[in-house]
Amino acid sequence: MNASPELSFEDMLRIRLEVLRREHRDLDEAIAAIEAGGRGDQLMLRRLKKQKLALKDQIVKIEDRLIPDIIA
């Protein structure tokens, strides 16, 4: 059983996907906390939401690479 210690490209994508999902969740929590405070900096909120959206775009791209298209 000589398994290669190197990760496959797909494994690397899955790891990256989990990291991005975690970052997305953290940003979501940070945004919710700022909004719950009621007097958050609007510029900071906008930047965080923009970051969150960019992360979501990256997540979708990786998911599209990992999940094969099903032709009906």
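Parameters and conventions
- Residues numbered from 1 in each chain as written.
- Predicted model: local features only at pLDDT ≥ 70, side-chain atom pairs only at ≥ 80, totals over all residues.
- Heavy atoms only, no water.
- Helix = DSSP H or I, 4+ residues; strand = E, 2+ residues; numbered from the N terminus.
- Expected span 1.5 Å × (residues − 1).
- Buried < 20%, exposed > 50% of the residue type's maximum accessible area, 1.4 Å probe, protein only.
- Contact = heavy atoms within 4.5 Å.
- Axes fitted to C-alpha atoms, helices over the stretch in contact; angles between N-to-C directions.
- Parallel < 35°, antiparallel > 145°, perpendicular 65-115°, else oblique.
- Left-handed = near helix turned anticlockwise from the far one by under 90°.
- Core = buried A, V, L, I, M, F, W, Y, C linked by side-chain atoms within 4.5 Å.

The name given to the protein chain in an unreviewed UniProt entry is Conserved small protein containing a coiled-coil domain, and the organism recorded there is Cereibacter sphaeroides.

Undergrad: Explain helix H1 (residues 9–37) here, please?
TA: Side chains of residues three or four places apart in an α-helix project in the same direction, reflecting 3.6 residues per turn. The first and last C-alpha atoms of H1 sit 42 Å apart over 29 residues, in line with the 42 Å expected at 1.5 Å per residue. Those residues of H1 not exposed but buried are Leu13, Leu17, Leu20, His24, Leu27, Ile31 and Ile34. Contacts from the buried residues of H1 go to helix H2 (42–66). Just beyond H1, the residue with positive phi is glycine 38, at close to 85 degrees.

Undergrad: Which parts of the structure should I look at to understand the packing of H1 against H2?
TA: Two quantities define a packed helix pair, namely the angle between the axes and the distance from one axis to the other. Remark: H1 packs on H2, axes separated minimally by 9 Å, with the N-to-C direction vectors making an angle of 155 degrees. One finds that H1 runs roughly antiparallel with respect to H2. Between H1 and H2 the crossing geometry is left-handed.

Undergrad: Just to check I follow, could you spell out the nonpolar core for this structure?
TA: In a soluble, globular protein the nonpolar side chains are often hidden away together inside. The biggest cluster of nonpolar side chains holds 12 residues, and these are Leu13, Leu17, Leu20, Leu27, Ile31, Ile34, Leu45, Leu48, Leu55, Ile59, Ile62 and Leu66. Of all the secondary structure elements, the ones that give two or more residues to this core are H1 and H2. Contacts of leucine 13, omitting those with residues within four sequence positions, involve Ile62, Arg65 and Leu66.

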